[in-house]
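Secondary and tertiary structure notes
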Amino acid sequence: MAVENLIIFDTTLRDGEQSPGFSMNTKEKLRLARQIAALGVDIIEAGFPIASDDDAHAVRLVAEEIRGPVVAALARCNPADIERAGESLGPAPRSRIHTFIATSDLHLERKLRISRDDCLQAVTDGVTQARGYTDDVEFSAEDATRSDIPFLCQVVETAIAAGATTINLPDTVGYCTPEEIEEFFGEVRAAVAGADGVVFSAHCHDDLGLAVANSLAALRAGVRQIECTINGIGERAGNASLEEIVMATRVKPERLPYATQVRTTELVRTSRLLSELTEEPVQANKAIVGRNAFAHEAGIHQDGVIKDRRTYEIMKPEDVGVESTLVLGKHSGRHAVRKRCEDLGFALNRFEVDRVYREVIALADRQKSVEDGDVAAIVSRVRAVADSPAADRGAA
Ligand code: KIV
Ligand code: ZN
């Protein structure tokens with residue numbers, strides 16, 4: 001089966017950073033940009049330079065230092081935005097201006113208060129101006145999935161004619177289902193002159209919890225770039241989660257035959273750095289990077305994992321940069337208790353396992369989980385009781 005390249009466009013520092021609670025200072029953005037580059041994404045969207053002097057400064061620092069990924073900056077289709085983006089990206093050896101304008105009638109009439117013709121003119125002017133700074137220009141039609149398709153196709157053709165090399169059609173408000181988004185991209189790509197000469201990109205928001213499913217569905221219609229963020233952060237319910245997209249392609253190559261350059265062993269490190277910098281915890285059961293993603297507590301599961309990890313793990317935890325853990329809690333079984341004791345250096349006989357197991361379960365009823373220190377204390381106590389003269393008398 002032919003494997004095609006999938007471009008991973010990381011927008012953690014732009015769409016992610018602009019959401020409440022996730023703002024970072026310049027130093028923090030640079031630290032995260034280094035880690036995202038180490039992760040191996042193709043493009044880092046470093047910010048929206050017109051938004052503030054700090055944002056412009058951060059984009060400039062990323063452009064000066066980061067090597068490997070293309071560095072992108074966001075700009076509306078207007079001269080001041082594009083000039084600021086172009087200047088901020090100046091030091092980057094490979095830069096991309098990402099310029100956008102809304103295309104749905106709702107946004108044109110109610111938000112921008114401009115006509116469709118004004119919109120088309122802004123696209124031509126914006127993309128042409130951006131091409132004056134770099135050959136790599138991405139055009140986004142904001143609220144694309146709620147736009148009138150014939151008009152959207154006109155906008156896309158206009159952007160391509162003006163020199164856009166990537167066409168991004170965002171599901172800005174997370175309104176689509178996977179079937180719809182596949183049809184949507186298929187229809188636009190079939191209707192637009194010049195579609196084969198550009199890369200189509202999906203940028204899906206997660207308002208209905210479908211951002212990852214929608215992004216993957218878009219691949220079936222010829223999309224070859226996905227815009228996503230670490231931990232799925234972003235406006236409102238967030239963007240498609242980078243770690244979920246990448247691991248889906250690794251775990252299911254027969255269904256998703258797309259190659260990315262991402263070093264998956266860096267995924268958890270990147271997720272934790274973002275969480276540390278923003279002081280926003282990752283939901284415990286978050287796929288791939290949540291602290292429970294590879295934790296097994298139920299006795300039946302622990303027994304299976306001890307015998308063969310594949311019984312309850314569809315990917316190796318070390319492939320994403322963590323170790324699998326057997327959590328000792330009130331649902332744990334004897335096998336898991338014995339295994340944890342062995343890992344801690346205690347070789348227990350059958351009677352000891354039994355006593356330690358009962359004490360672990362009793363403790364787990366009082367506190368949420370039982371840590372290594374608790375297990376060690378229980379083992380010492382059980383052994384002390386077993387060694388005591390009273391125990392000897394009892395045994396006699
Ligand atoms: O969600 C969106 O439409 C965006 C664009 C600016 C790309 O973030
Ligand atoms: Zn967005």
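Keep in mind that this is a model prediction, so the values were computed, not measured.

**Side note on the overall build of the protein chain**
Within the protein chain, the regular secondary structure consists of 16 helices and twelve strands. By principal-axis analysis of the C-alpha atoms, the protein chain measures approximately 100 × 40 × 40 Å. Counting over 396 residues, the protein chain shows a buried share of 53%. Sequence-distant contacts in the protein chain: of pairs separated by 6 or more residues, those separated by 24 or more amount to 72%. Accessible area for the protein chain stands at about 18,100 Å²; split by element, carbon and sulfur atoms hold 49% of it. If you average the places of the 46 positive and of the 63 negative side-chain charges in the protein chain, the two averages end up 8 Å apart.

**Some remarks on the site of ligand 1**
Near ligand 1 you find Arg-14, Asp-15, His-98, Phe-100, Ser-140, Glu-142, Asn-168, Pro-170, Thr-172, His-203 and His-205, and these make up its full shell. His-203 places a side-chain nitrogen or oxygen 3.1 Å from an oxygen atom of ligand 1. His-205 is positioned such that a nitrogen or oxygen atom in its side chain is 3.0 Å from an oxygen atom of ligand 1. Protein contacts shield 94% of the accessible area of ligand 1, which totals 260 Å² for the unbound molecule. Elements with a contribution of two residues or more to the shell around ligand 1: α1 (12-16), β5 (95-102), β6 (137-142) and β7 (166-171). The class makeup of the residues in the shell around ligand 1 is two nonpolar, six polar and three charged.

**Details of the packing of helix α2 (residues 26-39) against helix α3 (residues 53-65)**
Direction vectors running N to C along α2 and α3 enclose 35°, while the axes themselves pass 9 Å from each other. Classified by chirality, the crossing of α3 by α2 is right-handed. Residue-level inspection shows Thr-26, Lys-29, Leu-30, Ala-33 and Arg-34 of α2 in contact with α3, the latter providing Asp-54, Asp-55, His-57, Ala-58, Leu-61, Val-62 and Glu-65. Classifying every residue of the contact of α2 with α3 by side-chain character gives five nonpolar, two polar and five charged.

**Observations regarding the sheet that holds strand β9 (residues 225-228)**
Reading around the circumference, β2-β3-β4-β5-β6-β7-β8-β9 is the order of the eight strands in this closed barrel, with parallel pairing throughout. Averaged over all neighbouring strand pairs, the angle between strand axes comes to 25°, with direction disregarded. Against the sheet, helix α5 (residues 105-112) engages β5 and β6, with an angle of about 80° to β5.

**What about the side chain of His-107?**
Residue position: His-107 is located in helix α5. Taking the relative accessible area as the measure of exposure, His-107 reaches 12% and is therefore buried. Of the polar contacts made by the side chain of His-107, one reaches the side chain of Asp-143; its length is 3.3 Å. Excluding residues within four positions of it along the chain, His-107 makes contact with Ala-102, Leu-112, Arg-113, Glu-142, Asp-143 and Arg-146.

**Quick notes on the coordination of the zinc ion (ligand 2)**
For a metal with four tetrahedral donors the ideal donor-metal-donor angle is 109.5 degrees, whereas six octahedral donors ideally subtend 90 or 180 degrees. Around the zinc ion (ligand 2), the protein supplies Asp-15 (OD), His-203 (NE2) and His-205 (NE2) as donor atoms, at distances of 2.0 to 2.1 Å. All donors of the zinc ion (ligand 2) come from a single chain, and their spacing in sequence reads D-x187-H-x1-H. One end of the pair, Asp-15, is in helix α1; the other, His-203, is in strand β8 (residues 199-204), and 188 residues separate them in sequence.

**Description of the environment of Gly-186**
Its place among the elements puts Gly-186 in helix α8 (residues 178-191). On a C-alpha basis, the gap between Gly-186 and Val-223 in space is 9.1 Å, while along the polypeptide they are 37 residues apart.

**Brief notes about helix α11 (residues 267-278)**
The end-to-end C-alpha distance of α11 is 17 Å, a good match for the 16 Å that twelve residues give at a rise of 1.5 Å each. Across the twelve residues of α11, nine count as buried, placing the element largely inside the fold. Those residues of α11 that sit buried are Leu-267, Val-268, Thr-270, Ser-271, Leu-273, Leu-274, Ser-275, Leu-277 and Thr-278. Buried residues belonging to α11 abut α1, α2 and α10 (242-251).

The rules we used
Residues numbered from 1 in each chain as written. Chains lettered and ligands numbered in written order. Predicted model: local features only at pLDDT ≥ 70, side-chain atom pairs only at ≥ 80, totals over all residues. Heavy atoms only, no water. Helix = DSSP H or I, 4+ residues; strand = E, 2+ residues; numbered from the N terminus. Buried < 20%, exposed > 50% of the residue type's maximum accessible area, 1.4 Å probe, protein only. Contact = heavy atoms within 4.5 Å. Areas by Shrake-Rupley, 256 points an atom, 1.4 Å probe, with all protein chains shown as cover. Lys, Arg positive; Asp, Glu negative; His and termini not counted. Charge placed at Lys NZ, Arg CZ, Asp CG, Glu CD. Near = heavy atom within 4 Å. Polar contact = N/O pair within 3.5 Å; in protein donor to acceptor, adjacent residues only side chain to side chain. Nonpolar A, V, L, I, M, F, W, Y, C, P; charged D, E, K, R; others polar. Axes fitted to C-alpha atoms, helices over the stretch in contact; angles between N-to-C directions. Left-handed = near helix turned anticlockwise from the far one by under 90°. Pairing = 2+ DSSP bridges. Donors = N, O, S within 2.8 Å, 3.2 Å for Na, K, Ca; no water. Expected span 1.5 Å × (residues − 1).

The values are spatial; any link to function lies outside them.
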